[in-house]
2 protein chains.
Amino acid sequence: MTELEHMGQKAKAAARILASAGAKKDAALLAAAAALEKHAGKILAANREDTDAARASGMRPSMLDRLTLTEARIHSMAEGVRQIAAQADPIGSVLEGHTNANGLKIEKVRVPLGVIGMIYEARPNVTADAAALCLKAGNAVILRGGKEAIQSNTAIAEILREAVAGEGLPEDSIQLIRDTTRESSIALMNLTGYLDVLIPRGGAGLIRSVVENSHVPVIETGVGNCHVFVDETADVDMAASIIFNAKTSRPSVCNAIETILVHKNIAARALPAVKAKLDEKNVELRGCERTREILGDCVIPAVESDWSEEYLDYILAIKVVDSLDDALAHIAQYSSGHSEAIVTENYRNAERFLAEVDAAAVYVNASTRFTDGGEFGLGAEIGISTQKLHARGPMGVNELTSTKFIIRGGGQIR
Amino acid sequence: MTELEHMGQKAKAAARILASAGAKKDAALLAAAAALEKHAGKILAANREDTDAARASGMRPSMLDRLTLTEARIHSMAEGVRQIAAQADPIGSVLEGHTNANGLKIEKVRVPLGVIGMIYEARPNVTADAAALCLKAGNAVILRGGKEAIQSNTAIAEILREAVAGEGLPEDSIQLIRDTTRESSIALMNLTGYLDVLIPRGGAGLIRSVVENSHVPVIETGVGNCHVFVDETADVDMAASIIFNAKTSRPSVCNAIETILVHKNIAARALPAVKAKLDEKNVELRGCERTREILGDCVIPAVESDWSEEYLDYILAIKVVDSLDDALAHIAQYSSGHSEAIVTENYRNAERFLAEVDAAAVYVNASTRFTDGGEFGLGAEIGISTQKLHARGPMGVNELTSTKFIIRGGGQIR
């Protein structure tokens, strides 16, 4: 038995206890939140080791910022854990129920998934977030974070484990893989028989690698090639405001947009207004020929790959289209199925867009940036699913559960 | 582009139309049911080719029976399609909805999965069942049945396609792969980018092969190593009746039991009563040492593999256990997570069994044979999921759907 299989076995044993742990889970989460704050000095010292190593290896500033913890960030990590503790316990909810003609009482009840694997990259706060959400839903978790954050992750996981054990729950409810080689990641993807699901959280490369290589069922998250379509009847100011917000409020996140499609009958009015807003943040524009005819040579000619790229940066692709149908066809071809928006005053087009676009979240007259567990009323989220099985869109604590049927009888046979 | 990719492309195009086909789907299903009956002669002729070939190749009688169609069986196939047509359309149901403080109206609505692949074995009625269920949920389907039934499946699929086209829906809503080599099966498991999910339906070998080899997300179905635990307070007559029903009413199905666990304090009374019933059907018994001490040498000594084997036959394994805890531990180790039952008069043990057994369906004082879409109020079923992601237990038309969030705004930005 490998070390990882041994971890799997311990996780399964912990999961069996967590499945009926009830309110103890919340006590453990509150203790964990307090422990994170109490031991902030230890976490910061570990984090300094990570950031020193990262700086020495020449990590770029935006990545370094994601890796860096502060007192304030640790406090907000602890607050996040407290918020999860305050949510309702999903386990044991009766989702449906009926009594058959023969007297059998059949109920469908919510139960934990069991053991969840998480593979993620540089942000150490994911360690606390993911562990807390998994625990709340009664699952054991095996965490495999990025090598850049290994000292921070180890410190955080150790503190969480102690706190959980202090409240009488198994410390192996939360386990962290210390080996951050590619091999450990592959081994986790092959831990069938122990893991019920594997959730990758990070960039497109990580997600693709996990989806392609995992033998454990995967929930694909977070790749967002999102669009705003400016219909011919759009309010131009609203369109410019939504595009500016969806592109520039936080370009590095998956619900930011990458391409706008503009109806040809409004392009001459809308494009200059959009450009004027985007110029405030020096957004680079890459456009089709018709876009360049309107906006001029400041727009870089778009090439085919621009329609599929997730820039995650101050770059926006622009295409002028002939009709709603053309916009729908473009989105059907290039969308990653995350978040898509139309800006329109036309009722029929709004309803067609909502009905026909195949994505986790489809908007009329609002920014795609709202695709988020908190905004959608799910509480904290573990990621945003872009697949259709099991969960689609922001995944909160309910999406980390399964169901079972329980049947109470009086001797019925069939 | 391979022929299968071409099928995938046609399926995706069909799925886009089916997604908003509404009541046309029911018209198509009713037309399909009528066409099956009208062209029964054509189906029977094709089926005769299959059964002749099967008889020539020495197929065993129970398999041959599954393969054989009759007028009556075609009628019941058509009736099954009509029942699916009569069910409520799941698509467009609003599952949740709220309005945010900023006025955003957020709804979670039911949508089709998209394109479903089905891999199945010898029973040709699965062709009609699966096609009808997928269509009802607004999905296109690519069917890959067993080679034994290829002529029957081809005839049925052709009739369904024509009927669907006659009602103005794409004939490519239903496609059948005519190549029944292992290669075509592997190719289907690699059809990522076209298939949203692959559902294998058949024996343990088929399921395992698909789960291990598929790159498309799989819903694992139907392997059932199911148990009845006879607690020390059980009503012995009830226990014997439930065991007899769960073992012998249809031994070849996945919700039949394979092993019984009997509390040591009731074994001397219960085992002879159970044996007396099972003797009516000449059920072969394989027991532990304590079982043999009570029932004698007519019980074959059980070996380790008996605890994990799915006999699907008139064979039952028996183990005497010391306690509910031992029964729970045995089930946790050997159960395939399908259906598990306790027979008890003890309230606390009943509730513990329901809470702690990790299976799709957990019973008190009833036969495991009730695990079925119809019995659970889901209507027709496409299979019984034994995994925890997406769907668990009998899968009806709702389990062939996904959801999306639709958001109506008035210019909100974040």
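If you're wondering where the values come from, they're calculated on a predicted model, not measured in any experiment.

1. Structural notes on the overall build of chain A
Part 1: A tally of regular secondary structure across chain A gives 14 helices and 16 strands.
Part 2: Relative to its length of 414 residues, chain A is compact, with a C-alpha radius of gyration of 24 Å against a globular reference of 22 Å.
Part 3: Judged by the C-alpha coordinates and their principal axes, chain A covers about 70 × 70 × 35 Å.
Part 4: Across the 414 residues in chain A, those meeting the buried criterion constitute 58%.
Part 5: Counting contacts in chain A only where the partners sit at least 6 residues apart, residues at least 24 apart contribute 72% of the total.
Part 6: As presented, chain A carries roughly 15700 Å² of accessible surface, and 49% of it is formed by carbon and sulfur atoms.
Part 7: In chain A, 44 positive and 54 negative side-chain charges are present, and the distance between their average locations comes to 5 Å.

2. Considerations on the pattern of salt bridges
Part 1: The tally for this structure, following the rule as stated, stands at 55 salt bridges over all chains.
Part 2: Among the ionic pairs, A:E96 bridges to A:K108, the shortest N-O distance being 3.9 Å. Here A:E96, found in strand β1 (residues 94-99), pairs with A:K108, found in strand β2 (residues 105-112); they are twelve residues apart in sequence, far enough to count as distant.
Part 3: A relative accessible area of 13% places A:K108 in the buried class.
Part 4: Where B:R292 meets B:E289, a salt bridge forms, and the shortest distance between an N and an O atom there is 3.5 Å. Taken together, the positions of B:R292 and B:E289, both in helix α12 (residues 289-295) and three residues apart, correspond to about one turn of that helix.
Part 5: Judged by relative accessible area, which is 48%, B:E289 ranks as partly exposed.
Part 6: Here the salt bridges share partners, and the residues they tie into one network are A:D196, B:D358, B:K388 and B:R392.

3. Focus on the interface of chain A and chain B
Part 1: Opposite the 66 residues of chain A that make contact, chain B presents 66 residues.
Part 2: With both chains or domains summed, chain A and chain B bury close to 5300 Å², and 52% of this area falls on carbon and sulfur atoms.
Part 3: On the chain A side of the interface with chain B, the three residues burying the most area are A:L389, A:F405 and A:R414, jointly 16% of the side's total.
Part 4: The tally of links from chain A across to chain B stands at ten salt bridges.
Part 5: A salt bridge links B:K108 to A:E399; the shortest N-O distance between them is 3.9 Å.
Part 6: Mapped onto the side of chain A that touches chain B, the elements with two or more residues apiece are β2, α10 (236-248), α13 (324-334), α14 (347-356), β13 (361-366), β15 (393-395) and β16 (401-412) of chain A.
Part 7: When residues in the side of chain A that touches chain B are grouped by element, the largest group, eleven residues, is from β16(A).
Part 8: In terms of residue class, the side of chain A that touches chain B is built from 31 nonpolar, 20 polar and 15 charged.
Part 9: Of the strand pairs in this sheet, β13(A) and strand β16 (residues 401-412) of chain B are connected by five bridges, and their pairing is parallel.

4. Focus: the sheet that holds strand β6 (residues 197-201) of chain B
Residue and element names in this part refer to chain B.
Part 1: The parallel open sheet is built from four strands, whose spatial order is β5-β4-β3-β6. Only two strands of the sheet have a single neighbouring strand rather than two, namely β5 (174-176) and β6. Neighbour-to-neighbour, the strand axes of this sheet turn through a mean angle of 20°, independent of strand direction.
Part 2: Bridging between strand β4 (residues 140-144) and β5 involves three bridges; their strand directions are parallel. Note that in β5 the partner of L143 across the bridge is L176.
Part 3: Sheet contacts for helix α7 (residues 150-166): β3 (115-120) and β5; angle to β5, the most-contacted strand, approximately 160°.

5. A look at the relation of the copies chain A and chain B
Part 1: When chain A is fitted to chain B, the best match, at an RMSD of 0.0 Å, comes from turning it 180° and sliding it 0.0 Å along the axis. What we have between these two chains is a two-fold relation. It is A:H390 whose C-alpha, among those of chain A, lies nearest the rotation axis, at 1.8 Å.
Part 2: In this assembly, 100% of the residues forming the interface of chain A have copies in chain B that are likewise at the interface, indicating an isologous arrangement.

6. Concerning the UniProt feature "domain: Aldehyde dehydrogenase" (unreviewed entry) in chain A
Residue and element names in this part refer to chain A.
Part 1: Taking the UniProt record as the reference, the feature "domain: Aldehyde dehydrogenase" (unreviewed entry) is found at residues 5-282 and 309-377.
Part 2: Helix makes up 52% of residues 5-282 and strand 16%, with an end-to-end C-alpha separation of 51 Å.
Part 3: Between the C-alpha atoms that bound residues 309-377 there is a distance of 30 Å. The span itself is 30% helix and 26% strand.

7. Side note on unusual backbone geometry
Part 1: Positive phi, normally seen in glycine, also occurs at A:N282, with a value near 50°.
Part 2: With respect to the helices and strands, A:N282 occurs in the loop between α11 (264-279) and β9 (284-287).

8. Topic: helix α5 (residues 71-86) of chain B
All names here are of chain B.
Part 1: Under the 1.5 Å per step criterion, the end-to-end length of α5 is 23 Å for 16 residues, consistent within 8% with the ideal 22 Å.
Part 2: Those residues of α5 not exposed but buried are I74, M77, A78, G80, V81, I84 and A85. Taken around the axis of α5, the buried residues stretch over an arc of 150°, which confines them to a single face. Exposed residues on α5 whose side chains face more than 90 degrees from its buried face are E71, A72, Q83 and A86.
Part 3: Summarising the contacts, the buried residues of α5 are in contact with α2 (24-38), α3 (40-56), α6 (125-136) and α7.

9. Description of the packing of α10(A) against α11(A)
All names here are of chain A.
Part 1: Between α10 and α11, the shortest axis-to-axis distance is 9 Å and the interhelical angle comes to 45°. Here α10 is positioned oblique relative to α11, judged by the angle of their axes. You can see that α10 and α11 cross each other, and the crossing is right-handed. Contacts from V236, A240, I243, F244, K247 and T248 in α10 reach I266, R269, A270, A273, V274, K277 and L278 in α11.
Part 2: Counted by class, the contact of α10 with α11 contains nine nonpolar, one polar and three charged residues.

10. As for the packing of helix α2 (residues 24-38) of chain A against helix α6 (residues 125-136) of chain A
Residues and elements named next belong to chain A.
Part 1: At a minimum axis distance of 9 Å, the contact between α2 and α6 shows a crossing angle of 165°. When the axis of α2 is compared with that of α6, the two are roughly antiparallel. Considering the relative orientation of α2 and α6, their crossing is right-handed. Between α2 and α6, the contacting residues are K25, D26, A28, L29 and L36 on the first element and A128, A132, L135 and K136 on the second.
Part 2: A per-class count over the contact of α2 with α6 returns six nonpolar, no polar and three charged.

11. Brief notes about the packing of aromatic side chains
Part 1: Considering all chains together, one arrives at two aromatic pairs over all chains under this definition.
Part 2: Note on A:F376 and B:F405: the rings are 4.7 Å apart at their centroids and 45° apart in plane angle, and the pair reads as tilted. With A:F376 in the loop between β13 and β14 (383-385) and B:F405 in strand β16, this residue pair bridges two chains. Here A:F376 matches B:F405 in class, with each residue buried.
Part 3: The aromatic ring of A:F244 is capped on one face by A:K277, whose charged end is 4.5 Å from the ring centroid.

12. Quick word on the side chain of B:E340
Residues and elements named next belong to chain B.
Part 1: Looking at the secondary structure, you find E340 in strand β12 (residues 339-343).
Part 2: The side chain of E340 is buried and forms no salt bridge, while R392, the nearest opposite charge, is found at 9.7 Å.
Part 3: A polar atom in the side chain of E340 sits 2.9 Å from the side chain of H227.
Part 4: In this structure the side chain of E340 is engaged in a polar contact, spanning 2.7 Å, whose partner is the side chain of S335.
Part 5: Once residues lying within four places of it in the same chain are set aside, the contact partners of E340 are N225, C226, H227, I331, S335, F353, V357, A359, A361, V362, Y363 and T368.

Reading the values: rules and limits
- Residues take numbers from 1 onward in each chain, read along the sequence in its written order.
- Whichever chain is written first is A, and whichever ligand is written first is 1; the rest continue in order.
- Per-residue local features of the predicted model are confined to residues with pLDDT of at least 70, and side-chain atom pairs are confined, for both listing and counting, to 80 or more; whole-chain, interface and lining totals are unaffected and use all residues.
- Heavy atoms throughout the structure, all of them, feed into the side-chain values; hydrogens and water do not.
- For helices the rule is a DSSP run of H or I covering at least 4 residues; for strands it is a run of E covering at least 2, with both sets numbered from the N terminus onward.
- Every radius of gyration here is taken over C-alpha atoms, with the globule rule written as 2.2 Å times N^0.38, N being the number of residues.
- Each residue gets one of three labels from its accessible area relative to the maximum for its type: buried under 20%, exposed over 50%, partly exposed in between, using a 1.4 Å probe on protein chains only.
- Here a residue-residue contact requires only that any non-hydrogen atoms of the pair lie within 4.5 Å.
- Here the Shrake-Rupley method, with its probe set to 1.4 Å, supplies the accessible areas, and only the displayed protein chains count as covering residues.
- Charged residues are defined narrowly, with Lys and Arg counted positive, Asp and Glu counted negative, and His plus the chain ends left uncounted.
- Every charge is mapped to an atom, namely NZ of Lys, CZ of Arg, CG of Asp or CD of Glu.
- Within this document, salt bridges are pairs made up of a side-chain nitrogen of Lys or Arg and a carboxyl oxygen of Asp or Glu, the two lying within 4 Å of each other.
- Once two parts are put together, the accessible area they lose, assessed with a 1.4 Å probe and summed over both, is termed the buried area.
- By the convention adopted, Pro, Cys, Tyr, Trp, Phe, Met, Ile, Leu, Val and Ala count as nonpolar, Lys, Arg, Asp and Glu as charged, and the other residues, Gly among them, as polar.
- Pairing between strands is defined by DSSP: at least two bridges between them are needed.
- Note on definitions: angles span 0 to 180 degrees between N-to-C directions of axes, and those axes are lines fitted to C-alpha atoms, for helices only across the stretch in contact.
- The fit set for superposing copies consists of C-alpha atoms from residues with pLDDT of at least 70 in both; the fit itself is least squares.
- UniProt positions are given in the numbering used here, feature names are shortened, and annotations may be inferred rather than shown by experiment.
- For a helix, the expected span equals 1.5 Å multiplied by the number of residues minus one.
- The arc refers to the directions leading from the helix axis to the C-beta atoms.
- For classification purposes, an angle smaller than 35 degrees is called roughly parallel, one larger than 145 roughly antiparallel, one from 65 to 115 roughly perpendicular, and anything else oblique.
- Put simply, a crossing is left-handed when the front helix is turned counterclockwise from the back one by less than a right angle, and right-handed when it is turned clockwise.
- Stacked, tilted and edge-to-face are the three classes applied to pairs of Phe, Tyr and Trp rings, where Trp contributes its six-membered ring and a pair requires centres within 6.5 Å; stacked means planes under 30 degrees apart, edge-to-face means over 60, and tilted covers the rest.
- Here, over-ring charges are defined by two tests on the NZ atom of lysine or the CZ atom of arginine: distance to the ring centre within 6 Å, and angle to the ring normal within 35 degrees.
- For this analysis, a polar contact is any N or O atom pair within 3.5 Å, provided that within protein one partner can donate a hydrogen and the other can accept it, and provided that sequence-adjacent residues contribute only side-chain to side-chain pairs.

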